[in-house]
Structure formats: C-alpha cells, structure tokens
Amino acid sequence: IDITGLVTKLREVLNGSSLEALPFVPQLEVLRADFAALEADGFADDGKKGRRPPSRPARYGVTDADEKEAERSIHMEAIERSHRSTANVSFAGGLGGADDED
C-alpha cells in the first residue's frame, strides 16, 4: 500500500509542529478542565498511587457518624433481603412440588 500521499499531507498539516499539538479530539481541552475541577472537588482519582480522593466529597458535608450509619443501614438491609430470599426458597420447597415426599 502506497501511503506517500498521506505522509505528504501529514507533513503539510504538521508544518513542523509535533503530533501532540494537533487537535485530534477538539473536546479534550474542555474534558481536561472538567476533570481538574472534579478532582479538586474530590470526585475523581488521578490514578497515581498514594493519591486518592477523600472518602466523601466535601460538597456533600457528610459527617463520619452519618457515613457509618449509612453503611450500617445498607448492611442491615442486605442481611434482611438475604434472610427473606432464603425463607422464600425454603418455603417454596414445601408447596407440594414433584420433589416432595408425602
């Protein structure tokens, strides 16, 4: 495959600039600014080891006690759902299905 035309066109477009300077993704600048704002507010992780966003964004104003209570409540609801589903399965087995021995 002959790509000399493509190479020529690319050199014209670059005009001595680096490839990184070309706006292949025009929205990238705006996306980077949005990410920086989210990161500053504690909503994003930059992916670097040792740098983690706060466990709860300052914007929410959640106290440690509120956070612990929410986690406990979620855990208790999950346990209750698990118990209910287990009870439903064991109850359904005793309804006189084909596997019941009478």
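These numbers come from a predicted model, not from an experiment.

(A) Examining the pattern of salt bridges more closely. One pass over the structure, following the stated rule, counts one salt bridge. Arginine 72 is paired through a salt bridge with glutamate 69; the nearest N and O atoms lie 3.0 Å apart. Of this pair, arginine 72 and glutamate 69 both sit in helix 3 (residues 64–93), separated by three residues, roughly a single helical turn. Owing to a relative accessible area of 44%, arginine 72 belongs among the partly exposed residues under this scheme.

(B) Highlighting helix 2 (residues 28–40). Over its 13 residues, helix 2 extends 18 Å from the first C-alpha to the last, a length consistent with the 18 Å expected when each residue adds 1.5 Å. Looking one or two residues beyond helix 2, the residue adopting positive phi is glycine 42, at roughly 90°.

(C) Seen up close, the confidence of the model for the chain. Per-residue confidence for the chain averages 76 on the pLDDT scale, and 70% of its residues sit at or above 70. In the model of the chain, helix 3 stands out as the element of lowest mean pLDDT, 82, in contrast to helix 2, which has the highest, 88.

Here is what the cut-offs are and how they apply
Residues numbered from 1 in each chain as written. Predicted model: local features only at pLDDT ≥ 70, side-chain atom pairs only at ≥ 80, totals over all residues. Heavy atoms only, no water. Salt bridge = Lys/Arg side-chain N within 4 Å of Asp/Glu carboxyl O. Helix = DSSP H or I, 4+ residues; strand = E, 2+ residues; numbered from the N terminus. Buried < 20%, exposed > 50% of the residue type's maximum accessible area, 1.4 Å probe, protein only. Expected span 1.5 Å × (residues − 1). pLDDT = per-residue confidence, 0-100.

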